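# Summary of structural features
Here is how the chains run, residue by residue.
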Amino acid sequence: MEHVVDARGQACPQPVIMARQALAEHSRIVVYVDNDAARENVRRMGAKLGCEVTIDRRPGGVFHVHLSRSGGKPLADGGTVAVCQPVNTHDYIVALSGETMGKGNDELGAVLVRAFIHTLLQMENLPTRMLFYNTGVKLAVQGSPVLDDLTQLSEAGVEILVCGTCLNFFGLTDKLAVGGVTNMYEIVTGMAAATRILAP
Amino acid sequence: MNAVEYQVVLFKSVSHALLAEKTLKAAGIPHKLIPVPRHISSDCGVCLRIDAADRVRIERALAGAVGCEKIQPL
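This text gives an overview of the structure that appears in the document. (Residues numbered from 1 in each chain as written. Chains lettered and ligands numbered in written order. Predicted model: local features only at pLDDT ≥ 70, side-chain atom pairs only at ≥ 80, totals over all residues.)

Let us look at the overall build of chain A. The number of helices and strands found in chain A is six helices and nine strands. Counted over contacts in chain A with a minimum sequence separation of 6, partners at least 24 positions apart contribute 69%. (Helix = DSSP H or I, 4+ residues; strand = E, 2+ residues; numbered from the N terminus. Contact = placed C-beta atoms within 7 Å.)

This part takes up the overall build of chain B. Looking only at helices and strands, one finds two helices and four strands in chain B. For chain B, the N- to C-terminal ordering of α and β elements is β-α-β-β-α-β. When the 74 residues of chain B are sorted by exposure, 23% land in the buried category. Counted over contacts in chain B with a minimum sequence separation of 6, partners at least 24 positions apart contribute 71%. (Buried ≥ 20, exposed ≤ 12 C-beta atoms within 10 Å, placed from the backbone.)

Let's shift gears to the pairing of strand S2 (residues 28–33) of chain A. Residue and element names in this part refer to chain A. Of the strand pairs in this sheet, strand S1 (residues 3–6) and S2 are connected by four bridges, and their pairing is parallel. Along S2, the bridge assignment pairs Val5 with Val31. In this fold, the crossover linking S1 to S2 by way of helix H1 (residues 14–25) has right-handed handedness. Bridging between S2 and strand S4 (residues 62–68) involves six bridges; their strand directions are antiparallel. Residue Val33 lies in a different strand from S4, and its bridge partner there is Phe63. (Pairing = 2+ DSSP bridges. Right-handed = clockwise from strand over helix to strand, strands pointing away.)

With that settled, consider the pairing of strand S5 (residues 93–96) of chain A. All names here are of chain A. Along S5, one buried face is formed by Ile93 and Ala95 and the opposite face, lined by Val94 and Leu96, is buried too. Of the strand pairs in this sheet, S5 and strand S6 (residues 129–132) are connected by four bridges, and their pairing is parallel. Bridge assignment links Ala95 to a residue of S6, and that residue is Leu131. Each parallel crossover has a hand, and the one from S5 via helix H3 (residues 106–121) to S6 is right-handed. When S5 meets strand S9 (residues 197–198), the two strands line up parallel, connected through two bridges. Bridge pairing links Ile93 to Ile197 in S9.

Let us look at the nonpolar core. In terms of nonpolar packing, the biggest core is built from 26 residues, with A:Met130, A:Phe132 and A:Ile160 touching the most fellow members. Setting aside anything within four residues of it in sequence, one finds A:Met130 in contact with A:Ile93, A:Val94, A:Leu96, A:Leu153, A:Val158, A:Ile160 and A:Leu161. (Core = buried A, V, L, I, M, F, W, Y, C linked by C-beta atoms within 7 Å.)

It is worth spelling out the interface of chain B and chain A at this point. Counting from both sides, the interface comprises six residues of chain B and, opposite them, five residues of chain A. Within the residue set of the side of chain B that touches chain A, elements represented by two or more residues are helix H1 (14–27) and strand S2 (32–35) of chain B. Looking at the side of chain B that touches chain A, the element that brings in the most residues is S2(B), giving three residues. Looking at the side of chain B that touches chain A, its residues break down into six nonpolar, no polar and no charged. (Nonpolar A, V, L, I, M, F, W, Y, C, P; charged D, E, K, R; others polar.)

Residues separated by three or four positions in an α-helix point in the same direction, a consequence of the helix having 3.6 residues per turn. Residues and elements named next belong to chain A. Residues of helix H4 (residues 147–155) that are buried include every one of Asp149, Leu150 and Leu153, and no others. For H4, the buried positions fall inside an angular range of 100° around the axis, keeping them on one side. Those residues of H4 that are buried are in contact with H3, S6 and strand S7 (159–163). Of the residues trailing H4, Gly157 is marked for its positive phi of about 105°. (Arc of directions from axis to C-beta.)

Residue and element names in this part refer to chain A. Two elements in contact, H1 and helix H2 (residues 36–48), have axes separated by 9 Å at closest approach and are oriented at 35°. Judged by the twist between their axes, the crossing of H1 over H2 is right-handed. Residues Pro15, Val16, Ala19 and Arg20 of H1 touch H2, and the partners they reach there are Ala38, Asn41, Val42 and Met45. Here the contact of H1 with H2 is composed, by residue class, of six nonpolar, one polar and one charged. (Axes fitted to C-alpha atoms, helices over the stretch in contact; angles between N-to-C directions. Left-handed = near helix turned anticlockwise from the far one by under 90°.)

Positive phi outside glycine occurs at A:Asn134, with the angle close to 50°. By the element assignment, A:Asn134 lies in the loop between S6 and H4.

Taken by themselves, the reported measurements are silent on function.
Structure, rendered in structure tokens:
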């Protein structure tokens, strides 16, 4: 049985530290990470400690890094392993806390948010992730005027995460049409790990 | 890249664009409200992107409902 370490949304060096701690207690672990730097850092740490390392790519930019200490071999002394690679400063996430852009006039705000998302799709550098919460979740459900654009963003590799509490509150849980349901833990860790957050 | 040939319908104001959108929605004609492309105008305006094949029936649907400034290729 592999011990699971979920390090998605964690900024460097957290994934490495979490993996290192888990390896002290378990001989086989799998670390879930969601960015290249974390994947490389965990892989390197595993190799340094004498583990067998395999990586598989999962949908949504997630990697499963499998580390095993074959035959229960003791860990080699890896020394200091939590070396951070520079983060890609072009990375950003988008947080949509409402179904409008800006506050003041909702009719206008609804037009603006549609224009925002349409324009986002044309950016060369797409966000790594989009978070939807409060009335923002209404943008990701059936009948939303931005569904087409969000679906295209999702297909282009942007992770669309929609607050489950909010969907539930509005009775829209079974109407989610794009992306996945997320929780506050993922929202907080995602924001904390983000280089930049766009909040239109 | 696009299989569909698009055109854009430009309006005098955002309100005109919204009214036109409502009209096309009611008429069941496909369209999309998008920001006015930068090569057309640097204003922060919105316009309707339409399938060029629908141009005639769109002009007909909008006539009498809302005045549009111009329809041109995207």
